[in-house]
Amino acid sequence: MPGMTPPRFFALVPAAGVGERSGAGQPKQYVEIAGRPMLAHTLAALVAVPRLSQTLVVLSPSDDRFEAALPDCGAWVARVGGASRAESVLGGLAELRRRGAGDDDWVLVHDAARCLLQPAWVDALIDACQHDAVGGLLAQPVADTLKAGGADGRVSATVDRRDKWAAQTPQMFRLGLVERALLALGAAATDEASAVEALGLAPRLVRASMANFKVTWPEDFELAQRWLYQVGPSSR
Ligand code: C5P
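Residues numbered from 1 in each chain as written. Predicted model: local features only at pLDDT ≥ 70, side-chain atom pairs only at ≥ 80, totals over all residues. Heavy atoms only, no water.

1. Thoughts on the site of the ligand
Here's step 1: Near the ligand there are 15 residues, and of these Pro 14, Ala 16, Gly 82, Ser 88 and Ala 112 occur at the shortest range.
Here's step 2: Interatomic distance of 3.4 Å between a backbone N/O atom of Ala 15 and an oxygen atom of the ligand.
Here's step 3: Within the contact set of the ligand, an oxygen atom lies 2.9 Å away from a backbone nitrogen or oxygen of Ala 16.
Here's step 4: Relative to its unbound accessible area of 460 Å², the ligand is 82% covered by the protein chains.
Here's step 5: More than half of the atoms belonging to the ligand lie within 2 Å of the grid points that define the largest pocket.
Here's step 6: Here the residues of the shell around the ligand are counted per class, giving 6 nonpolar, 4 polar and 5 charged. (Near = heavy atom within 4 Å. Polar contact = N/O pair within 3.5 Å; in protein donor to acceptor, adjacent residues only side chain to side chain. Areas by Shrake-Rupley, 256 points an atom, 1.4 Å probe, with all protein chains shown as cover. 1 Å grid on protein atoms, 1.4 Å probe; cavity = no way out; pocket = protein on both sides within 12 Å on 5 of 7 lines; lining within 4 Å. Sits in = over half its atoms within 2 Å of the grid points. Nonpolar A, V, L, I, M, F, W, Y, C, P; charged D, E, K, R; others polar.)

Here it is in structure tokens:
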């Protein structure tokens, strides 16, 4: 309709987790990779996307490291994180509303731990989803044969991989929709898409790259560092 403002695009980075699996002995977003805290790489990739109006990083209320570790990061900062990823995202959505975002604005939720994100992948996601009724996410078709494993460390079944995708982030939905979805599913939501799916909707899968992996296990830091040195963090 003429006179209506077009929806804007915001990025929201939940960074209030402790990252227990990383073995780092500190919140993993502050572990240095290629000379900068992991979170600095993640935010730099988002800040480099011109179509994003703003990036909001959600920290734990007890976080006392961010400003010293990431001076001048170019993002909005809010200490509104919760006990689960879903609560942290909901805190961030409320903060975006306080700062002027509305139901129809798009929010791209991105894991702090996916620090190899490339601005071009964010652009591809926006291109694929901005006229979609539901929204979507970056994802990668699964290449490996999938096994289900039992508590005894043995294979209990082989899982058909033909229609399987590994979900990544960013995950892009309208603020009003993703807020409703997360409120309905609660802490059980390990990503935004699963909450939207629980409403009976089908998010769009947008193929990205295996390089968009989530730094999770101790050996992942070394892998991410090698990759960042190769592409050059300065290219951000
Ligand atoms: O633990 P996991 O790797 O799945 O966390 C994914 C993302 O959610 C990370 O960026 C982490 O910092 C964030 N998170 C959060 N608040 C929590 C738990 C996780 O912001 N309570």
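After presenting the structure, the write-up continues.
2. Focus: the pattern of salt bridges
Here's step 1: In this structure the tally under the stated criterion is 16 salt bridges.
Here's step 2: Note that Asp 63 and Arg 79 form a salt bridge whose closest N and O atoms lie 3.9 Å from each other. Note that Asp 63 is positioned in the loop between β4 (54-58) and α2 (66-69) and Arg 79 in the loop between β5 (76-78) and α3 (85-98), a separation of 16 residues in sequence.
Here's step 3: Of the residues examined, Asp 63 reaches a relative accessible area of 12% and is grouped as buried.
Here's step 4: When its relative accessible area of 32% is taken as the criterion, Arg 79 is described as partly exposed.
Here's step 5: Residues Asp 111 and Arg 114 are paired through a salt bridge, measuring 3.1 Å at the closest nitrogen-oxygen approach.
Here's step 6: When its relative accessible area of 7% is taken as the criterion, Asp 111 is described as buried. (Salt bridge = Lys/Arg side-chain N within 4 Å of Asp/Glu carboxyl O. Helix = DSSP H or I, 4+ residues; strand = E, 2+ residues; numbered from the N terminus. Buried < 20%, exposed > 50% of the residue type's maximum accessible area, 1.4 Å probe, protein only.)

3. Regarding α3
Here's step 1: A rise of 1.5 Å per residue sets the reference length of α3, with its 14 residues, at 20 Å; its end C-alpha atoms lie 20 Å apart and thus fit the reference within 8%.
Here's step 2: All of the buried residues in α3 are Ala 86, Ser 88, Val 89, Leu 90, Gly 91, Gly 92, Leu 93, Glu 95 and Leu 96.
Here's step 3: Next to the buried residues of α3 lie β1 (9-14), β4, β5, β6 (106-109), α5 (175-185) and α6 (192-197).
Here's step 4: One or two positions beyond α3, positive phi appears at Gly 100, with a value near 105°. (Expected span 1.5 Å × (residues − 1). Contact = heavy atoms within 4.5 Å.)

4. Here we look at the packing of α3 against α5
Here's step 1: Relative to each other, α3 and α5 sit at 145°, their axes nearing to 10 Å. The two elements α3 and α5 cross, and the hand of that crossing is left-handed. For the pair α3 and α5, contact is made by Ala 86, Val 89, Leu 90, Leu 93, Ala 94, Leu 96 and Arg 97 and by Leu 175, Gly 176, Val 178, Glu 179, Leu 182 and Leu 183, respectively.
Here's step 2: Looking at the contact of α3 with α5, its residues break down into 10 nonpolar, 1 polar and 2 charged. (Axes fitted to C-alpha atoms, helices over the stretch in contact; angles between N-to-C directions. Left-handed = near helix turned anticlockwise from the far one by under 90°.)

5. Points about the pairing of strand β9 (residues 155-159)
Here's step 1: In terms of burial, β9 is largely open, as just 0 of its 5 residues are buried.
Here's step 2: Here strand β8 (residues 146-149) runs beside β9; their pairing, made up of 4 bridges, is antiparallel. Paired with Gly 149 across the bridge in β9 is Val 155.
Here's step 3: With antiparallel pairing between neighbouring strands as the criterion, β8 and β9 make up a hairpin whose turn holds 5 residues, including Gly 153 at a positive phi of roughly 75°. (Pairing = 2+ DSSP bridges.)

Purely geometric stuff here, so don't read any function into it on its own.
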